[in-house]
Structure formats: structure tokens, C-alpha cells
Amino acid sequence: MTARRFVALAITAVLALAGCGDTQNHARELVVGSRPDAESVLLADIYVGALRSYGFPAHSEPAPDPLSKLDSGQFTAVPAFTGQVLQVFEPGAKVRSDEQVYRAMIGVLPEGIAAGDYATAAEDKPALAVTQSTVKAWGGTELSLLPRHCDGLIVGAIAGSQTPTAVSRCHLPAARQFRDGATMFAALRAGQLTAAWTTTADPAVPGDLAVLADGKPALVQAENVVPLYRRNELADRQLLAINEVAGVLDTAALVDMRRQVAKGADPQAVADGWLGEHPLGR
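Thresholds, definitions, all that
Residues numbered from 1 in each chain as written. Predicted model: local features only at pLDDT ≥ 70, side-chain atom pairs only at ≥ 80, totals over all residues. Heavy atoms only, no water. Helix = DSSP H or I, 4+ residues; strand = E, 2+ residues; numbered from the N terminus. Buried < 20%, exposed > 50% of the residue type's maximum accessible area, 1.4 Å probe, protein only. Contact = heavy atoms within 4.5 Å. Areas by Shrake-Rupley, 256 points an atom, 1.4 Å probe, with all protein chains shown as cover. Salt bridge = Lys/Arg side-chain N within 4 Å of Asp/Glu carboxyl O. Expected span 1.5 Å × (residues − 1). Phe/Tyr/Trp six-rings, centres within 6.5 Å; stacked < 30°, edge-to-face > 60°. Lys, Arg positive; Asp, Glu negative; His and termini not counted. Polar contact = N/O pair within 3.5 Å; in protein donor to acceptor, adjacent residues only side chain to side chain.

Engineer: Explain the overall build of the protein chain residue by residue, including any values.
Structural biologist: For the protein chain, the count of helices and strands is 10 helices and 12 strands. Principal-axis analysis of the C-alpha atoms places the extent of the protein chain at approximately 90 × 35 × 30 Å. The proportion of buried residues among the 282 residues of the protein chain is 45%. Put simply, 71% of the contacts in the protein chain that link residues at least 6 apart link residues at least 24 apart. If you sum the accessible surface of the protein chain, you get close to 14200 Å²; carbon and sulfur atoms cover 54% of it.

So this is what it looks like as C-alpha cells:
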């Protein structure tokens, strides 16, 4: 066998092996985990749709503690919110801006877990809703106005929700607990509350109420959508697929999709519909 013939056969063998490995990588179905709640399932289905749009088999799977399954390797990726993840691994962390929270979160992730790009325009963090009469009395809809009216505040929250205990220099009284949003918002309208805790992506906030906007510097810790994934287990194009979501997802779209799911629509169908309007890889 000539040297030239030997080299040609060797190159062919290497290419064949590379192709086989690539096929195996493409064929392996990726598992995107989520918590059982509707918003988390929806986000997981968005990332599933993103991976499928790139040609990678994927499905979502709910679990009570998706982060532990990600850490153990049972899940390949898990969508989350930056501030919540930070508080899991560094309880009491005080940073608040989008970038600060993301950087701090990356710094405390377990060794085998990495974070993709966070969606700068898609958040779901605690926010206070007030009536239009309060907006008029306070002179605006900025959260920064609240500390000036701290005395005598009566705040409501849905039972079990995690809400801030302070906004700037205003230390809030213990929130009155309500079984659901409808009951809480009715109490707000009736004047039994000054403000009610909701979130920036809650589709159930009545249109006649105003949600106080958190400006810069932020007064409430950021909660931006972010994909976590198993380090060294995603191919470059798989990582590109989940990172592309960050460039197109925003809070308004998240609210709209959550509203559709709340009305009974299938989360994967809703996610695929949104991705159809915002195709990735273009």
C-alpha cells in the first residue's frame, strides 16, 4: 500500500467516525426539566421548541426539584429565573440589577452546571399593584415613589408567594395573605389594601390596576429568564439554540403565552406558535 493510499484511508476512517459521533449526538433526546407550575412548564416547552427547530430531539419533563435532577444528570437543561437561582445557592444575596444578579448567579452555580444567555427583556419579578386613585395620589407609577408613603401601608400577597420585605428604605409590614389573586385584587379595589404583590409577568392582573415600575437603580432583585444546562453535555449548535431564545423573548410575550395557557391551551402548542412567529437560526 502506498503512503498516499494509506493517508486517504486514514482520513476516510476519521471522517466516518466523526459522522457517526455526530449522528449519535443528534439522535440523543434532550430532556428539559421544569417545576410543575404552568409558567415553568411553558418556559421548558419554549426551550424544547428551540432545540427542535434546530433539528434536535427534545421533550420537557416536570419535577418538584428540577435543579437537583439537573445536578444529577437526569435533566439536560432547566429554564429558571436568575434571582431565584441566586437565592438558592447564596441566600440573602443583595445584588439587584439584571447584570449583577446574573454574574453573581454564575459565580455560585455547582461545578457541573452552567448558565446560558439570560433574556434581558424577559422577566418575572415581584411587583406591586395599586389602584388608579393611588397612582393619582402618589403622582405616578414608579416604585421609587413608595418609600415616601411607607407609613400606614397595608400590603397583600398570595399565600405561599415569596415577596420582598423592604423596598429601599421602606420596611414593609407583614403582607396579608390571600388564597388567590382574584380575592386579593378585589380587596385592593375595595380599599382594604394599599398595594398588592404580583409579578411583572402575571397575566391575571386586572387592567384597571397599575403595576409600579421598577426603574434604575433597581429596588427589587432581578428575575430574568435563563437556561441552566449540564456543563460539557451540549453541542455548540444545541447551546446556540437555547441561547437564541434570550434575543427574542420578552415579558409581553411571556404574559401573552401565560394567558393562553391559563385559558386551557397546551403549553407546547403555545410555545411552538410563538417560535413560529419568531423563528430561530435566521
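From this point, the discussion proceeds with the structure in view.
Engineer: Tell me what's going on with the environment of Val32, and back it up with residues and numbers.
Structural biologist: With respect to the helices, strands and loops of the structure, Val32 is situated in strand 1 (residues 30–34). Owing to a relative accessible area of 2%, Val32 belongs among the buried residues under this scheme. With 176 residues separating them in the primary sequence, Val32 and Asp208 have C-alpha atoms 37 Å apart. Apart from the residues lying within four places of it in its own chain, the contact partners of Val32 are Ala44, Tyr47, Val48, Leu51, His59, Ser60, Glu61, Ala77 and Pro79.

Engineer: Describe the pattern of salt bridges, and please don't skip the residues or the numbers.
Structural biologist: Within the structure shown, the criterion is met by 8 salt bridges. Note that Asp180 is salt-bridged to Arg179, the shortest N-O span being 3.5 Å. Accessibility expressed as a relative area gives 70% for Arg179, which makes it exposed. Taken together, the salt bridges that share partners define one network made up of Glu39, Asp124 and Arg258.

Engineer: A description of helix 9 (residues 251–262) should follow, citing residues and the corresponding values.
Structural biologist: Compared with an ideal rise of 1.5 Å per residue, which puts 12 residues at 16 Å, helix 9 spans 16 Å between its outermost C-alpha atoms and is within 8% of the ideal. Close packing links the buried residues of helix 9 with helix 2 (38–53), strand 12 (225–230) and helix 10 (267–277). Once helix 9 finishes, Gly264 follows within two positions and takes phi at roughly 110°, a positive value.

Engineer: Account for unusual backbone geometry, with residues named and values stated.
Structural biologist: The step from Lys216 to Pro217 runs through a cis peptide bond, and the omega angle for that step is -5°. In the Ramachandran plot, Ser168 falls in the positive-phi region, its phi being about 55° despite a non-glycine side chain. Relative accessible area serves as the criterion here: at 43%, Ser168 is assigned to the partly exposed category.

Engineer: Mind laying out the packing of aromatic side chains, listing which residues take part and the relevant values?
Structural biologist: Taken as a whole and judged by the stated rule, the model has 1 aromatic pair. With a centroid separation of 4.6 Å and an interplanar angle of 40°, the aromatic rings of Tyr102 and Tyr118 are classed as tilted. A residue pair is termed long-range when its members are at least 10 positions apart, and Tyr102 in helix 5 (residues 98–108) and Tyr118 in the loop between strand 4 (113–115) and strand 5 (126–130) qualify at 16 residues. What makes Tyr102 buried here is its relative accessible area of 13%.

Engineer: I'd like a rundown of the environment of Leu275, residues and numbers included.
Structural biologist: Following the sequence through the fold, Leu275 ends up in helix 10. When the C-alpha atoms of Leu275 and Phe185 are compared, they prove to be 33 Å apart, with 90 residues separating the residues in sequence. For Leu275, the contacting residues outside a window of four places in its chain are Ile46, Gly49, Ala50 and Leu280.

Engineer: Before we move on, could you go through the side chain of Glu223 and cite the residues and values that matter?
Structural biologist: As for its placement among the helices and strands, Glu223 is situated in the loop between strand 11 (210–211) and strand 12. At 8.6 Å, Arg35 is the nearest oppositely charged side chain to Glu223, a buried residue that forms no salt bridge. A distance of 2.9 Å separates a polar side-chain atom of Glu223 from the backbone nitrogen of Gln84. Residue contacts for Glu223: discarding those within four places in its chain leaves Phe81, Thr82, Gly83, Gln84, Ala122, Glu123, Asp124, Lys125 and Pro126.

Engineer: Run through helix 2, naming residues and quoting values.
Structural biologist: With 16 residues, helix 2 should reach 22 Å at 1.5 Å per residue; the first-to-last C-alpha distance of 22 Å fits that figure. Counting buried positions along helix 2 yields 13 of 16 residues, so the element is predominantly enclosed. At the C-terminal side of helix 2, Gly55 shows a positive phi close to 90°.

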